[in-house]
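Understanding the architecture of this molecule
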Amino acid sequence: MDPSLDPALKIAEFLLQIKAVKLSPRKPYTWASGWKSPIYCDNRKTLSHPSIRTYIRQQFVHIINSEFGRPEMIAGVATGGIAHGALVAHDLGLPFLYVRSSSKEHGMKNTVEGDITTGRSVVVVEDLVSTGRSSLNAVLALREAGLEVKGMTAVFTYGFEEARKAFAAAKVKLFTLTNYSILLDQALRSDYINEKDLPALNEWRKDPSNWNRPVEPATTSK
């Protein structure tokens with residue numbers, strides 16, 4: 001298959017081209033959690049590129065129509081999912097709201113921002129799914145506000161087993177535009193990485209919290 005005809009490969013190539021995703025298995029990044037990681041992802045960069053932003057919006061709309069049917073509202077997850085969600089809602093002619101990472105400390109102390117009386121069923125738009133915790137916290141907030149969450153769509157996921165189990169337990173359908181495996185495939189096709197990089201990149205996803213840690217010497221008793 002021509003990679004340019006596969007939307008998931010095309011989006012993976014976009015992310016690599018604009019450095020929204022960076023792969024560095026030999027000089028890992030350190031996440032806020034302290035995890036060492038061979039990948040850094042900032043999908044907010046896609047918003048600065050009109051043609052890529054438009055293509056992502058079109059793919060979101062396609063997934064929503066084909067997988068969820070027409071919802072009554074679109075919700076974006078703060079902060080990365082807000083702009084994408086608003087663009088999708090505009091395209092579909094639907095009301096939009098967004099979910100804060102935590103409730104405001106003043107005023108109405110809202111977690112969900114928007115007029116929830118304009119609809120009951122909602123599809124959630126995210127930019128990135130890692131462990132799934134923050135994404136599913138947004139789903140919980142929407143459900144507590146009395147909305148029916150039909151599912152979630154995101155630009156990218158690392159595909160952690162932890163996230164898969166969490167979404168299954170929460171009974172939330174997740175569809176992403178591209179994912180870690182497809183990104184590695186496209187990175188290999190475009191010579192962004194080589195075959196020697198693949199073992200480290202694949203090992204990271206299996207156990208990200210312990211990847212690249214020095215092995216402690218075994219203790220012996222005397």
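Cut-off values and rules
Each chain has its residues counted from 1, running along the sequence as written. Only residues with pLDDT of at least 70 get local features here, since the model is predicted, and only at 80 or more are side-chain atom pairs given and counted; chain-wide, interface and lining totals rely on the full set of residues. To obtain the side-chain values, all non-hydrogen atoms of the structure were used and water was disregarded. Nine residue types can take part in a nonpolar core, namely buried Ala, Val, Leu, Ile, Met, Phe, Trp, Tyr and Cys, and a core is a set of them joined through side-chain atoms within 4.5 Å. Partly exposed residues are those whose accessible area sits between 20% and 50% of the maximum for their type, while under 20% is buried and over 50% is exposed, using a 1.4 Å probe and protein chains only. Counting from the N terminus, the helices are the DSSP runs of H or I reaching at least four residues and the strands are the DSSP runs of E reaching at least two. Any pair of residues with heavy atoms lying within 4.5 Å of one another is described as a contacting pair. A pair of Phe, Tyr and Trp rings is counted when the ring centres sit within 6.5 Å of each other, with Trp represented by its six-membered ring. The angle between the planes then sorts it: under 30 degrees is stacked, over 60 is edge-to-face, the rest tilted. Placement of a charge over a ring requires the Lys NZ or Arg CZ to be within 6 Å of the ring centre, with the centre-to-atom vector within 35 degrees of the ring normal. Working note: the arc is built from the helix axis to C-beta atom directions. Under this definition, polar contacts are N or O atom pairs within 3.5 Å; protein pairs additionally need one hydrogen-donor-capable and one acceptor-capable atom, and for neighbouring residues in sequence, both atoms have to be side-chain atoms. Only the stretch in contact is used when a helix axis is fitted, and all axes are lines through C-alpha atoms; the angle between N-to-C directions ranges over 0 to 180 degrees. An angle below 35 degrees is treated as roughly parallel, one above 145 as roughly antiparallel, one from 65 to 115 as roughly perpendicular, and anything else as oblique. Three classes are used: nonpolar for Ala, Val, Leu, Ile, Met, Phe, Trp, Tyr, Cys and Pro, charged for Asp, Glu, Lys and Arg, and polar for all others, with Gly counted as polar. A pair is scored as a salt bridge if a Lys or Arg side-chain nitrogen falls within 4 Å of a carboxyl oxygen belonging to Asp or Glu. Two strands pair if DSSP finds at least two bridges between them. By convention, orient the strands away from the viewer: a clockwise path from the first strand over the helix to the second makes the crossover right-handed. Each crossing gets its hand from how the near helix is turned against the far one by less than a right angle, where anticlockwise is left-handed and clockwise is right-handed.

Turning our eyes to something else, we now look at the nonpolar core. By size, the foremost hydrophobic cluster in this structure holds 63 residues, and its most contacted members are Leu23, Ile39, Ile74, Leu142, Phe156 and Tyr158. The element contributing the most residues to this core is helix H2 (residues 50-68), with eight residues. Beyond its immediate stretch of four places on either side in the chain, Phe156 contacts Leu15, Ile39, Cys41, Asn43, Asp127, Leu128, Val129, Thr176, Thr178, Asn179, Tyr180 and Leu183.

Now for the packing of aromatic side chains. The final tally for this structure, using the stated rule, is twelve aromatic pairs. Judged by centre distance (6.1 Å) and plane angle (70°), the ring pair of Trp35 and Phe160 falls under edge-to-face. Taken together, the residues Trp35 in the loop between strand E2 (29-30) and strand E3 (36-37) and Phe160 in the loop between strand E9 (148-157) and helix H5 (161-169) connect sequence positions 125 residues apart. Taken individually, Trp35 and Phe160 each receive the classification buried, so the pair is uniform in this respect. Between Tyr158 and Trp204 the ring centres are 5.4 Å apart and the planes differ by 85°, which places this aromatic pair in the edge-to-face class. Pair noted here: Tyr158 is in the loop between E9 and H5 and Trp204 is in helix H7 (residues 198-206), with a separation of 46 residues, a long-range link. Residue Tyr158 shares its accessibility class with Trp204, and that shared class is buried. Here the aromatic cluster, defined as three or more aromatic residues joined through ring pairs, consists of Trp31, Trp35, Phe156, Tyr158, Phe160, Tyr180 and Trp204. The ring of Tyr55 has Lys10 lying over it, and the distance from NZ or CZ to the ring centre is 4.5 Å.

Of all the residues in helix H6 (residues 180-189), the buried ones are Tyr180, Leu183, Leu184, Gln186 and Ala187. For H6, the buried positions fall inside an angular range of 165° around the axis, keeping them on one side. Taken together, the buried residues of H6 touch helix H1 (7-17), strand E1 (21-23), strand E4 (39-41), E9, strand E10 (174-179) and H7. With a side-chain oxygen positioned 3.1 Å from the backbone nitrogen of Ser181, the residue opening H6 is Asn179. Count one or two residues on from H6 and you reach Asp191, which has phi positive near 60°.

For the pair H6 and H7, interaxial distance at closest approach is 11 Å and the crossing angle is 170°. Taken as axis vectors, H6 and H7 run roughly antiparallel relative to one another. Taking contact as the criterion, the partners of Tyr180, Ser181, Leu184 and Leu188 in H6 are, on H7, Leu198, Leu201, Asn202, Trp204 and Arg205. Here the residues of the contact of H6 with H7 sort into six nonpolar, two polar and one charged.

What follows deals with the pattern of salt bridges. In total, this model carries eight salt bridges according to the counting rule given. In this structure, Asp42 engages Arg44 in a salt bridge whose closest nitrogen and oxygen atoms are separated by 2.9 Å. With relative accessibility at 46%, the residue Arg44 sits in the partly exposed group. Notably, a salt bridge pairs Glu161 with Arg164, separated by 2.5 Å at the nearest N-O pair. Taken as a pair, Glu161 and Arg164 lie in helix H5 at a separation of three residues, close to a single helical turn.

Turning our attention to the pairing of E10. Note that E9 and E10 share five bridges and pair parallel. Bridge pairing links Phe156 to Thr178 in E10. Once the chain exits E9 it traverses H5 before rejoining the sheet at E10, and the crossover so formed is right-handed.

What follows covers the packing of H1 against H6. Two elements in contact, H1 and H6, have axes separated by 9 Å at closest approach and are oriented at 70°. Comparing their axes, H6 and H1 come out roughly perpendicular. Here H1 runs over H6; the crossing is right-handed. In contact with Ala8, Leu9, Ala12, Glu13 and Leu16 of H1, H6 contributes Ile182, Leu183, Asp185, Gln186, Ala187 and Arg189. Classifying every residue of the contact of H1 with H6 gives seven nonpolar, one polar and three charged.

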